[in-house]
Each structure stands twice: as structure tokens, then as C-alpha cells.
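Coordinate analysis (summary)
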Amino acid sequence: MSKTLQAIRGMNDILPEQTPTWRYLENTLAELLDGYGYQEIRLPILEFTELFARGIGEGTDVVDKEMYTFLDRNEESLTLRPEGTASCVRAMLEHGLIGGGQVQKLWYAGPMFRYEKPQKGRYRQFHQIGVEVFNLPGPDIDAELIVLTWRLWQKLGLADSVTLQLNSLGSSEARARYRDALVAYLQERYDLLDEDSQRRLTTNPLRILDSKNGGTQALLVDAPTLHDYLDEESVAHFEGLKARLDAVGIRYEINQKLVRGLDYYGRTVFEWVTDKLGAQGTVCAGGRYDGLVSQFGGKPTPGVGFAMGVERLVLLLETLGLVPEELNTPADIYICAFGEPAELAALALAERLRDALPGLRLLVNAAAGSFKSQFKKADKSGARYALILGDDELAKRVVGCKPLRDDSEQQSIAWDALAEHLAARLKRA
Ligand code: HAM
């Protein structure tokens, strides 16, 4: 017998029972971003490998260990995008959309790919909704990004389940001075570091700060701290951001060890974290990357953004029972028809109802069936009303309108009055 075909490990099907929650999240966020003046951009899933190597940085886990890279038929090295920021910058430069100082406020959504060890909340194909802003250098836009995510948490009912971690990484010069001090301190204690951190000491020393190793963390207690090395402008920027968050009443925790896993950040970095999902608790993360555009050959251009992990947010909504109940039912109305003449009339009536009531979720019974079997299907659909059409109803140009979710009586409604009758009842619920 042939082996059953399976999806690739860490790459999930999102089944029909899950997609309503996905759409709820995506639509809520898209609507919110609309309200703040952000425009959608759609970017390719495949890019030249060099884009990510240069943008995210050699020495990061993402570039060194996690990329899906292959040669295409033309022997060019391509990579399935592990994130969206580098592609977004590439697109801005390629289409000349930021070179003249134009402000761009953009968002994108879609799958990303990283060869990580799959576990709950961590997958090899996962989905992000990301936001990027160009040519706004001040802390006001950093604050806006955080405010709009905070508004999303409120809309979704997650406000009490996530906390904001905030840090400033300073200018690249400040970071370089700090890096030297940190390396000097850790070099003297090299033998006490875990293996991963020993490697990072030469490749990416700041990442040692968020090592999960207990021994390494103990060593870091007395290590030099980043904020002692911050330049004046970065301090002012950070103060400006905090003042704005305070003004709106958004609570945050300053975490000097928050350095992020991608190399392009400077100054503001932040993460929204939950303790409800176990180890993979970061649901949204981002920061400022004022050096990235020039790294790709463009004029120096301020940039800032974030991305949220859709799987993690869906998991959180499910875990906390915050998926609105009506999302689980595909229908408001189910039409049952008995005999071919009634079936033809039902089809025409359904289309009239769709015209009259945009947004109505209407199922028309297919594949005929007895009274009992059609009612069973109507009930299972989650519809609130079944409309019944047989020879009698056809002769009188009426339908039987049977409530399925309460005990009220079935009523006979004239075809011409049906849309109005249903509109009133569906609105009331
Ligand atoms: P990131 O921290 O690598 O940042 O990813 C952002 C979010 O994507 C994470 O906080 C997490 O929710 C989700 N995520 C990342 N990896 C996985 C995974 N393997 N499985 C499930 N979810 C995952 C970035 O990607 C930056 N491009 C964000 C950004 C935009 N910074 C500035 N602009």
C-alpha cells in the first residue's frame, strides 16, 4: 500500500473550523489599520537570498540556521522569506517610494518560513501581519505603532493577557561601545558561558543577553548595562516614547535585555508578551531600523515597524475562549425545498433574498432529501431560521419560516414580505 501523503513538519493546514477565527483577526486588524491611515502592500514570498543575508544579518539564527534556501533552475540562490521587513524595504527602493523623503505607512500579511524546531506556537510556515513606516524619525510614530496594537488587544479582549516590554538599543555607535564593554566582561568569564553564548561572543554578542541559560543569566547580573552607554539623542527619543505611552495610559516594562533576534534594529525595540501560551509567548514584536535602507544602498531613511504572529494570536483567542460564537456557524438561514418545482422556486427566492439583504448568510439545501434529513442539515448549519418550501407553499406564494434556536411558532410569510420579516428578526438577535 502506498504511504499516506502528509504535510511537511511544522507546516500546517488551516482547516475550515479554524479559518473564521483567522479572518476575524485579520479583518479586525485590517479595519483598524485603515483607521490609522496604513496601506496594504503585497510582497513576493520568494526573494534573492542576498536580501535576507544583508538585511537580517549574517550571524543571526534566522540567516545562519533557519532559512529555506535553494538554487532555482537558473542556478540563482533564492530564499522563502523568513520575515517581511527586508522585502518591504527592497520594494520601497525598487519603486522609488521613499528616496524623496515620502512618508509611507504600510502593512502586509502572509506566510513566512523558518526552519525552527516546531512546537506549540512555533512553526516552520507561520503567518505574520506586519506594519512598516518610512521617513518618520521621531518617537511619535513609535508610540503610534504601540498604541494601535494596544487598541487591537482591547478590541479582541486581550488587553489583560499581554504585557509590553520596551527597550532602547541606542545608536549604532553607542551599541558598538556597549558591545565592546560586554565582550570584554564576558571574555574574562568565557569558561562559565554556555556553548551557544560562547559562539555568540564572536558572532552576535548582544544576543547573549537573552540567553535562556541559567548560568549565563547569573553572569549577566553584574555585566555592563546597555542604558549606561546610550547616546543623548537615543535617550531623548526613548523619553519621548515613554511620555507618549504614559499620556495614553499604556503600561510597559523596561527590559534592558530585550535585544531582538534580527540585526537591523536601533533605538526603540518592543515586544508584546503573554504568559498564557507557554514558551512561545511573544505575540507581536518590532522596533526601529533607521540604518536598514542605507544598508541596501538607499539614502539614509528612518524606518520602524512590527509584526505579529497570527498563529499565536489565534491560539491565545482560543485558549481564552474569546472567539465570538457566531463565527462558528456558517449560516443565518437554511432553505429546505421539497420536489423539483419548489427547488426551482427556492433557488430564485434565495437570490432575491441575497439582493435584498447583503451580507446574509444563506444556505440552500442541495441534493434534495426527506423532510427529516433536510431539517437535520438545517439544524447542523447553525442557522437561526429554516425556510420551508413545498407544493402547498408554492401554490400560495408563501414560505414556512421556522425558528431553529427557540420554541416560537413557525409562521407562514408571503414571498414579498420575506426579506423585511427576516431583516427585523436577524437584527434583533
Ligand atoms: P520577529 O520577532 O522575528 O520579527 O517575528 C515577529 C513575530 O512573528 C513574533 O513575535 C512571533 O509572534 C511571530 N513568529 C516568529 N517566528 C515564528 C514561528 N516560527 N512560528 C510562529 N510565529 C512566529 C520580525 O519578523 C520583524 N520583521 C518584525 C518587524 C517588522 N520589525 C520591524 N518591522
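The following paragraphs examine the structure supplied in this document.

Rules and cut-offs
Residues numbered from 1 in each chain as written. Predicted model: local features only at pLDDT ≥ 70, side-chain atom pairs only at ≥ 80, totals over all residues. Heavy atoms only, no water. Helix = DSSP H or I, 4+ residues; strand = E, 2+ residues; numbered from the N terminus. Pairing = 2+ DSSP bridges. Axes fitted to C-alpha atoms, helices over the stretch in contact; angles between N-to-C directions. Contact = heavy atoms within 4.5 Å. Near = heavy atom within 4 Å. Polar contact = N/O pair within 3.5 Å; in protein donor to acceptor, adjacent residues only side chain to side chain. Areas by Shrake-Rupley, 256 points an atom, 1.4 Å probe, with all protein chains shown as cover. Nonpolar A, V, L, I, M, F, W, Y, C, P; charged D, E, K, R; others polar. Core = buried A, V, L, I, M, F, W, Y, C linked by side-chain atoms within 4.5 Å. Buried < 20%, exposed > 50% of the residue type's maximum accessible area, 1.4 Å probe, protein only.

**Structural notes on unusual backbone geometry**
Within the chain, alanine 367 stands out as a residue other than glycine whose phi angle is a positive 70°. By the element assignment, alanine 367 lies in the loop between β13 (362-364) and α13 (371-380). Although it is not a glycine, arginine 397 sits at a positive phi angle of roughly 55°. With respect to the element layout, arginine 397 can be found in the loop between α14 (391-396) and β15 (398-403).

**With respect to the sheet that holds strand β12 (residues 333-337)**
Overall, mixed pairing links the five strands, which are arranged β13-β12-β14-β15-β16 in an open sheet. Of all strands in the sheet, those with a lone pairing partner are β13 and β16 (411-414), marking the two edges. When the angles between neighbouring strand axes are averaged without regard to direction, this sheet yields 25°. Pairing of strand β14 (residues 385-389) with β15, which is carried by four bridges, proceeds in the antiparallel orientation. What sits directly across from isoleucine 388, in β15, is glycine 400. Together, β12, β14 and β15 form the strand contacts of α13, whose direction differs from that of β12 by roughly 170°.

**Digging into the site of the ligand**
As a matter of local geometry, the ligand sits amid 26 residues, with Glu83, Arg114, Glu116, Glu132 and Tyr265 nearest to it. Threonine 85 places a side-chain nitrogen or oxygen 2.8 Å from a nitrogen atom of the ligand. Protein burial of the ligand: of its 660 Å² of free accessible surface, 95% is covered by the chains. Contributions of two or more residues to the shell around the ligand are made by β6 (125-134), β10 (282-288) and β11 (303-309). The residue makeup of the shell around the ligand, split by class, is eleven nonpolar, eight polar and seven charged.

**Overview of the nonpolar core**
Of all hydrophobic cores here, the largest spans 90 residues; its most connected members are Tyr38, Phe134, Ile146, Trp153, Trp272, Val283 and Met308. The greatest single-element share of this core, amounting to ten residues, is contributed by helix α5 (residues 139-156).

**Focus on the sheet that holds β10**
Read across the open sheet, the eight strands follow the order β1-β5-β6-β11-β10-β9-β7-β8; overall the sheet is mixed. Both outer strands of the open sheet, β1 (39-40) and β8 (253-254), are each paired with one neighbouring strand and no more. Sheet strands in contact with helix α1 (residues 19-35) are β5 (104-113), β6 and β11, and its direction is about 0° off that of β6.

**Regarding helix α4 (residues 85-94)**
Of all ten residues in α4, eight are buried, a share of seventy percent or more. Inspection of α4 places Thr85, Ala86, Ser87, Cys88, Val89, Arg90, Ala91 and Met92 among the buried residues, and these make up the whole buried set. Contacts made by the buried residues of α4 are with β2 (46-48), α2 (49-56), β5, β6 and α10 (292-295). Looking one or two residues past α4, glycine 96 carries a phi angle of roughly 60°, positive in sign.

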